[in-house]
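Close look at the chain arrangement
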Amino acid sequence: MADLTSNFAGIRSPNPFWIASGPPANSAYQSHRAFDAGWGGLVWKTIGAPIVNTASRYSALNSGTTRMIGFNNIELISDRSPETNFLEIAEVKKRWPSHAVIASLMVESREEWHEYVKRAVDAGADGIELNYGCPHGMCERGMGSAVGQQPLVAERITSWVMEVATIPVIVKLTPNITDVTAAARAAKRAGANAISLINTINSITNVNLDTYVAEPTVRGMSSHGGYCGPAVKPIALNMVQCCAADREVGLPISGIGGIAGWRDAAEFMALGASTVQVCTAVMHHGFRIVEDMTDGLNTYLDSKGMRSVSELVGRGVAKIDSWQNLDLNFRRVARINYDSCIGCNLCYIACEDGAHQCIDLLAPKVVGVGIGPGRVPHKPIPKVREDDCVGCNLCSLVCPVDSCITMVEVESGADPMSWSDYQRKLAAGEIAAIPPHV
Amino acid sequence: MTLKPILTAEEAHAGMIDIQLPMSPMVARVEANRCLFCFDAPCIKACPTGIDVPAFIGKIASGNETGAARLILEANILGASCARICPTAVLCEGACVLKDRDEKPIEIGRLQRFATDYVSDLGISVLHPPKTRNGMRVAVVGSGPAGLGCAAQLAQLGYTVTIFERAHLPGGLNTHGVAVYKLKPEFSVNEARLVESLGVTIRCGVEVGTDVTAAELQRDFSAVFLGVGLGGGNRLHIDGEELPEVLDALSFIEQIHLSKLHDVAVGHRVIVIGGGNTAIDAATQAVRLGAKRVTMVYRRGASQMSAYDFEHALAKSDGVHFSYNAVARAVIGVDGHVVGLRLVQTREGRGGEIETIAGSEFTEPCDMILKAVGQEKRGAALLKIFPGLTVDGRGVIERDERTGATNIAHIFAGGDCANGGREVVNAVGEGKRAAFGIHSFLSGVDAVPPMQPSRIGVAGCTHGSGLHDPIRAHELERALEEALTKGSN
């Protein structure tokens, strides 16, 4: 069994799986249930001056019959009083001393920040997360993403917090910004101990085609909501890697965004996150999902011979490079395994209409594979013209059978040459220009 | 004893409820989303009317149920009844590629029912008569699936079509000869109304050859389509066959369709002779009408029955008994009523022929006997009406399979009278092909039925859509077996 214990910028937890600041982290009751289920930490739903919420707060993006591949909300920070929240944090810490409880805060003035940081410390919180990310409701009042989108403002507020903080401070970053590393660097400059990302993305999930009102609907109107859930994972991974690779940031990262299982978590870790935070998946399935997250991560680490999570963290960061450094002479082609092919011909139509026209539909006898897949006599079957195949992967992506179409590396016979190399060689007159595709 | 109805109206109706459950919109959407939406899909090729199955399923998945129904009904005017009675396991669903991924095929039949029910329940018209007619008139003889398929297509091509039907209700076997738990007769009649809504006239109770002569047809119409189906049930030629409790299975089924269910007389111990799908329909409906013991008698073994496996299984689950390898020798009667059937055991001779086993005779008590040993071909009757028509040795009209053209220039044929007896969906497809054949003949343009768009651009394959060249799933399985055998040699 690998060691899953975590020390994140000084915040210790039995495992790296934390409940993200949101509806599942709203109360002591939920915290007890979360820790009972096996979560290692919890970032309390953001505490600030009391607010009022609307009815109708969430909406979802479904795909086919899969519910909630994306999720959006217009719910604000905690609608409970700061007194109740800090009291319950103290109660939870008393019962779960070795679990991480982090107070998420969002207030306005320097005095308020000082007051709330001190109250969090007094309540026994293990750390503080600064919510600079909510894209709705709070930003109109100069908080949330209104802060996160302006690195200089974020830097100033973070430095106010650092003036009084005696526990680790995590700055939560908004993705609603052109370059997330600018915000991460600001956190670093202000002396923050860690960053967490991503917060939710500005969104409208869908429009009712009878009323023309988007969801969630509040008396015939809607508003821009914060988007999260499995569909945002690629965006979050990209931003996490950008921060992890940035030499000026150099802060521990808590990864957030569409994490629903151990595999997602492991990918975030490979790209530099040392803990991960989960909200939407818990809203969908409950706290119980952490059991397979820890079990699956453990099994995975064991299978790789890794003794702790730290051996995984950051392994993939350097394997993302600028496009101009990729090898232009790398060649791969699609190969179809006719033993497992079921004859759906999705590869054919995808290549024909959506890519590079490198697959032919031919009579089975022309291909020489007997009756061919699909069991229909005379039914044409797909065959890749390897000389023309550009190796784009599309056919293998649409193929509904695992391992039926594989992308196979073929020798190009040429030494590796990146775009940068190419431009240099071209300028030096060492090679002729590569002719454009016909 | 004279036969009487056994069940009350309530009991009889309870027994005849649909065996195929309709899909709720949610279930339909889930199932539709399971479809891979194959390009050049095998299910299209397996459909004798060439319905673009992945396209209509895609429309259900997208929430465009109306468009799905239109697509189905444009390809197959009887798409709603085919959704209920097609042997999908050996047609579209049998060809589904998901089977090759070791999964359940898409429930194409039930999805098709969902889409067609959607528009009929909401009263949405998806088909409309053409704005202009070409002025030419075509006569269609028979309002069964072939006739309706032909008439609907001709109407949409601009022809003025009159259907002549000798029965009082249109629909042919769909109205008179399908098990009620699959298709209610009024449903079939409504489908004929759909054809009428395209501008087709259906004249019921008019028999060609009697009420209207062939000469009149040929004088008043530019072309004639024969979709007259098959004749009455074949005879057994055994003693006692004339007793009142010995019925053709088809006339028993017709009674179920035309009378109230609780008025249909049925025996307590019923024997059904035959091993085909009609025999099964008769046996399962006898059970549903209250018969205590129903036995099917078949002259060969279970594996040689021509009934589909799923029909055979249905009869078994209904508690029908089977007496294989036995033939009827004589009906035993007392006081002019059936009391039993004398049978003899059979075995297969070396050449596959059936021989009876001496001394193996036995008697099966019964009070009703239903004969389902095939229908008469109508060749002889047709020759009297249309002298000069070429009919083969079986009594089946000879015609060009692609166009339905017979040896007489302006006479076309399709359905059971031309194929010897196949599925409803085959008849609809043949009627539709003949409509294009007639259009070709009358307009002089080369009118081939539209190819599935998915077939365009395919290299090296001459075979078209299911409409041109349907392949049945069991034919696919056989082809696969052959390919494997060849591979191992």
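No experiment lies behind these values; they were computed from the predicted model shown. Within every chain, residues take consecutive numbers counted from 1 along the sequence as written. Going through the entries in the order they are written, you letter the chains from A and number the ligands from 1. With pLDDT at 70 or above as the cut-off, local features in this predicted model cover only qualifying residues; side-chain atom pairs require 80 or more to be listed or tallied, and sums for whole chains, interfaces and linings still use all residues. Side-chain numbers here rest on the full set of heavy atoms in the structure, without hydrogens or water.

1. Here's the deal with the overall build of chain B
- What counts as a helix is a DSSP run of H or I of at least four residues, what counts as a strand is a run of E of at least two, and both are numbered from the N terminus. A count of helical and extended segments in chain B gives 18 helices and 14 strands.
- Computed over C-alpha atoms, the radius of gyration of chain B comes to 23 Å, within 12% of the 23 Å expected from 2.2 N^0.38 for 489 residues, which places it in the range of a compact globule.
- On the principal axes, the C-alpha backbone points of chain B span a range of 65 × 55 × 55 Å.
- For chain B, buried positions account for 55% of its 489 residues.
- Any pair of residues with heavy atoms lying within 4.5 Å of one another is described as a contacting pair. Intrachain contacts of chain B at a sequence separation of at least 6 include 70% that bridge at least 24 residues. Just to be clear, the radius of gyration here is over C-alpha atoms, and the globule rule we use is 2.2 Å times residues to the power 0.38. Throughout, exposure labels follow a simple rule: accessible area from a 1.4 Å probe, protein chains only, divided by the maximum for the residue type, with under 20% read as buried, over 50% as exposed, and the rest as partly exposed.

2. Regarding the overall build of chain A
- When helices and strands are counted, chain A shows 14 helices and 18 strands.
- For chain A, the spread of C-alpha atoms along the three principal axes comes to 80 × 60 × 50 Å.
- A separation threshold of at least 6 residues defines the contact pool for chain A, and within that pool the share at least 24 residues apart is 71%.
- Residues scored as positive are Lys and Arg, those scored as negative are Asp and Glu, and His as well as the terminal groups of each chain are ignored. The location of each charge is read from NZ of Lys, CZ of Arg, CG of Asp or CD of Glu. Once the 37 positive and 44 negative side-chain charges of chain A are each reduced to a mean point, those two points are 2 Å apart.

3. Thoughts on the pairing of strand β5 (residues 58-63) of chain A
- Of the pairings in the sheet, the one linking β5 of chain A to strand β6 (residues 66-73) of chain A comprises 5 bridges and is antiparallel in character. Residue pairing across strands places S63 of chain A opposite T66 of chain A, the latter belonging to β6 of chain A. Two strands make a pair as long as DSSP finds a minimum of two bridges between them.

4. Regarding the domain arrangement of chain A
- Residue ranges assigned to the domains are those given by an automatic or database domain assignment. Under the domain assignment, chain A is made up of domain 1 (6-319) and domain 2 (323-427).
- One C-alpha centre belongs to domain 1 of chain A, the other to domain 2 of chain A; they are set 41 Å apart.

5. Focus on the pattern of salt bridges
- Counted as salt bridges are all cases of a side-chain nitrogen of Lys or Arg within 4 Å of a carboxyl oxygen of Asp or Glu. Under the definition given, this model contains 41 salt bridges over all chains.
- Note that R307 of chain A and E311 of chain A form a salt bridge whose closest N and O atoms lie 3.4 Å from each other.
- Looking at R307 of chain A, the relative accessible area reads 64%, which means it is exposed.
- On the basis of relative accessibility, which here comes to 25%, the residue E311 of chain A falls in the partly exposed class.
- Across the salt bridge formed by R385 of chain A and D388 of chain A, the nearest N and O atoms sit 2.7 Å from each other.
- Each of D18, R84, R113, D117 and K184 of chain B takes part in a single network of salt bridges with overlapping partners.

6. Side note on the sheet that holds strand β11 (residues 201-203) of chain A
All names here are of chain A.
- Taken together, the 4 strands give an open sheet; going across it, the order is β5-β6-β12-β11, and neighbouring strands pair in antiparallel fashion. Each edge of the sheet is formed by a strand with only one pairing partner; in this case those strands are β5 and β11. Taking the axes of each pair of neighbouring strands and ignoring which way they run, one obtains an average angle of 45° across the sheet. Note on geometry: axes are lines fitted to C-alpha atoms, helical ones only across the stretch in contact, with angles between N-to-C directions running from 0 to 180 degrees.

7. With respect to the packing of helix α8 (residues 145-156) of chain B against helix α17 (residues 424-443) of chain B
All names here are of chain B.
- Two elements in contact, α8 and α17, have axes separated by 7 Å at closest approach and are oriented at 40°. The chirality of how α8 crosses α17 is right-handed. The residues of α17 that touch α8, namely those facing P145, A146, G149, C150, Q153 and L154, are V424, A427, V428, G431, K432, A435, F436 and I438.
- Grouping the amino acids of the contact of α8 with α17 by side-chain chemistry returns 10 nonpolar, 3 polar and 1 charged. It is the rotation of the near helix from the far one that decides the hand of a crossing: anticlockwise by less than a right angle makes it left-handed, clockwise makes it right-handed. Here the term charged refers only to Asp, Glu, Lys and Arg, the term nonpolar to Ala, Val, Leu, Ile, Met, Phe, Trp, Tyr, Cys and Pro, and the term polar to all other amino acids, Gly among them.

8. Re the sheet that holds strand β13 (residues 253-256) of chain A
All names here are of chain A.
- If you trace the 8 strands once around the closed barrel, you get β3-β4-β7-β8-β9-β10-β13-β14, paired in parallel fashion. On average, each strand axis in the sheet is tilted by 25° relative to the strand beside it, whichever way the strands run.
- For strand β4 (residues 41-43) and strand β7 (residues 100-105), the ladder comprises 3 bridges, and the chain directions are parallel. Bridge pairing in β7 places L42 opposite V101.

9. Points about the environment of L426 of chain A
Residues and elements named next belong to chain A.
- Among the secondary structure elements, L426 is positioned in helix α14 (residues 419-427).
- Given the relative accessible area of 30%, L426 is considered partly exposed.
- With residues near it in sequence (within four places) discarded, L426 still touches I431, A432 and A433.

10. Observations regarding helix α5 (residues 65-75) of chain B
- Here α5 of chain B lies mainly inside the structure; 8 of its 11 residues are buried.
- In this structure, the buried side of α5 of chain B is in contact with α4 (53-62), α6 (79-85), α7 (108-122), α10 (185-196) and α17 of chain B.

11. Let's talk about a nonpolar patch on the surface
- On the surface, W323, L326, L328, W419 and I434 of chain A cluster together to form a nonpolar patch covering roughly 510 Å² of accessible area.
- In this structure, L326 of chain A sits in the loop between α10 (290-303) and β15 (331-336). Candidates for patches are residues over 30% relative accessible area with no salt bridge; among them, like charges are joined within 9 Å and nonpolar side chains (Val, Leu, Ile, Met, Phe, Trp, Tyr) within 5 Å. Per-residue accessibility takes into account occlusion by the displayed protein chains alone, with areas from the Shrake-Rupley method and a 1.4 Å probe.

12. A word on the environment of T66 of chain A
- Here T66 of chain A is to be found in strand β6.
- Measuring from C-alpha to C-alpha, the distance between T66 of chain A and Y116 of chain A comes to 41 Å, with 50 residues separating the pair along the chain.

13. Points about α10 of chain A
Residues and elements named next belong to chain A.
- Here α10 contains 14 residues, and its C-alpha end-to-end distance of 20 Å stays within 8% of the 20 Å for a straight helix at 1.5 Å per residue.
- For α10, the full list of buried residues reads V290, M293, T294, G296, L297, N298 and L301.
- If you follow the buried residues of α10, they end up packed against β3 (17-19), α1 (28-37), α8 (262-270) and β14 (273-278).
- Note on α10: the residue one or two positions beyond its end, G305, has a positive phi of about 70°. Here the expected length of a helix is defined as 1.5 Å per residue gap, with one fewer gap than residues.

14. Comments concerning the confidence of the model for chain B
- Looking at chain B, the pLDDT average stands at 91 and 94% of residues meet or exceed 70.
- Scored as a whole, the predicted complex attains pTM 0.91, and scored at its interfaces, ipTM 0.89. The score called pLDDT rates the predictor's confidence residue by residue, from a low of 0 to a high of 100.

15. Thoughts on the nonpolar core
Residue and element names in this part refer to chain A.
- Buried Ala, Val, Leu, Ile, Met, Phe, Trp, Tyr and Cys residues that are joined via side-chain atoms within 4.5 Å together make up what is termed a nonpolar core. Of all hydrophobic cores here, the largest spans 82 residues; its most connected members are W39, I195, L197 and L297.
- A total of 6 residues in this core trace back to one element, the largest contributor, which is α8.
- In contact with L297, not counting residues within four places along its chain, are L4, P16, F17, W262, A266, M269, D292, V309 and L312.

16. Things to note about the state of the cysteines
- Cysteine sulfur atoms that come within 2.5 Å of each other are treated as a disulfide pair. Scanning all chains against the criterion turns up 0 disulfides over all chains.
- The thiol sulfur of C96 of chain B is not disulfide-bonded, and the nearest other cysteine sulfur, from C43 of chain B, lies at 6.8 Å.

17. Observations concerning the packing of aromatic side chains
- Between the rings of Phe, Tyr and Trp (Trp by its six-membered ring), a pair exists once the centres lie within 6.5 Å; its type follows the angle of the planes, with under 30 degrees stacked, over 60 edge-to-face, and the other angles tilted. In the structure shown here, the tally under the stated rule is 13 aromatic pairs over all chains.
- What links up through ring pairs into an aromatic cluster is the set W323, W419 and Y422 of chain A.
- Positioned over the ring face of Y181 of chain B is R288 of chain B, at 4.1 Å from the centre of the ring. Lysine and arginine charges are scored as sitting over a ring when NZ or CZ, respectively, is within 6 Å of the ring centre and within 35 degrees of the ring normal.

18. A few points about the pairing of strand β10 (residues 337-348) of chain B
All names here are of chain B.
- Pairing geometry for strand β9 (residues 326-334) and β10, over 8 bridges, is antiparallel. Note on β10: the bridge partner recorded for V331 is L341.
- For β10 and strand β12 (residues 362-365), the ladder comprises 4 bridges, and the chain directions are antiparallel. Counterpart to L341 in the pairing with β12 is E364.

19. Focus on the side chain of Q112 of chain B
Residues and elements named next belong to chain B.
- Looking at the element boundaries, Q112 is found in helix α7.
- Q112 gets classed as buried once you look at its relative accessible area, which sits at 6%.
- Not counting chain neighbours up to four residues away, the residues in contact with Q112 comprise I51, F56, I72, G79, C82 and A83.

20. Focus on unusual backbone geometry
- Omega for the bond connecting L197 of chain A with I198 of chain A falls within 30 degrees of zero, at 15°, which places this linkage in the cis form.
- Put simply, E215 of chain A and P216 of chain A share a cis peptide bond, and its omega is -10°.
- In this structure, F37 of chain B is a non-glycine residue whose phi angle is positive, near 55°.
- Assignment of secondary structure puts F37 of chain B in the loop between α2 (25-34) and α3 (42-46).
- The backbone of D40 of chain B shows a phi angle near 60°, a positive value even though the residue is not glycine.
- D40 of chain B sits in the buried class, given a relative accessible area of 3%.

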